[in-house]
Amino acid sequence: MKKIYAPWRHEYVTGKEKKKRKEDLVNQCVFCDEFAQGDDEKNLILKRFKHCVVIMNYYPYNAGHVMVIPYEHKGDLRDLTPEVRAEMMEAANVTMQVIEDETKCQGFNVGVNMGVAGGGGIQEHVHIHVLPRWVGDTNFLATLGDTTLICTDFKEVYASFKKRFDDVSV
Ligand SMILES: [Zn+2]
């Protein structure tokens, strides 16, 4: 499925203070920059574990689209240590539980897009997508989705997820 969100929605969601232009980045990487800023609410960071971060996707495929990202700026899972990879998997695991509890989803897509042909949006910093799914959601989103489904709920979704993540550990 193609991305449901158009770029202008990003502005709608995050406001003018949040510009993700390359020249504004201190670290030249969107993720590294967000981790360094320390403003987790603005950056929609849900949880910081020892080796990785759980963060809402600014360009979500649907409401509840979350990513698990290592602090280390590596583009390939194979360049991470087993310890980091293991924690990322555990983080994805608890993330699924949070998403399911909050959204009552009926399934997930969990995956990594790596390399040019893999279709990764930010290839230089590897991340695991955790995406809730509902039976028939593709059709529903394609026909009705648009702004109301996600944008009006985006901050609410963050707040509800965040509250649950405050209590989890891996
Ligand atoms: Zn990075």
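So, here's what we can say about the structure. As a convention, each chain's residues are numbered from 1 in the sequence order in which they are written. Totals for whole chains, interfaces and linings use every residue, but because this is a predicted model, local features are given only for residues with pLDDT of at least 70 and side-chain atom pairs only at 80 or more, for both listing and counting.

## A look at unusual backbone geometry
Turning to step 1, where the next piece is worked out: The backbone of Leu44 shows a phi angle near 60 degrees, a positive value even though the residue is not glycine.
Turning to step 2, where the next piece is worked out: Here a helix means four or more residues in a row that DSSP labels H or I, a strand means two or more in a row labelled E, and each is numbered from the N terminus. Here Leu44 lies in the loop between helix H2 (30-37) and strand S1 (45-48).
Turning to step 3, where the next piece is worked out: Positive phi, close to 55 degrees, is recorded for Lys104, a residue that is not glycine.
Turning to step 4, where the next piece is worked out: Its location among the elements puts Lys104 in the loop between helix H3 (82-103) and strand S4 (107-111).
Turning to step 5, where the next piece is worked out: Since 9 C-beta atoms lie within 10 Å of it, Lys104 is described here as exposed. Exposed residues have 12 or fewer other C-beta atoms within 10 Å of their own C-beta, buried residues have 20 or more, and partly exposed residues fall in between, where C-beta atoms are placed from the backbone.

## So, the nonpolar core
Turning to step 1, where the next piece is worked out: A set of buried Ala, Val, Leu, Ile, Met, Phe, Trp, Tyr and Cys residues, joined to one another through C-beta atoms within 7 Å, is what we call a nonpolar core. Counting 28 residues, the largest nonpolar core has Ile55, Val66 and Val68 as its most contacted members.
Turning to step 2, where the next piece is worked out: Counting only elements with at least two residues in this core, the list comes to H2, S1, strand S2 (52-56), strand S3 (66-70), H3, strand S5 (128-133) and helix H5 (154-165).
Turning to step 3, where the next piece is worked out: A pair of residues counts as a contact when their C-beta atoms, built from backbone coordinates, are separated by no more than 7 Å. Beyond its immediate stretch of four places on either side in the chain, Val66 contacts Leu46, Val54, Ile55, Met56, Asn57, Thr95, Ile99 and Val130.

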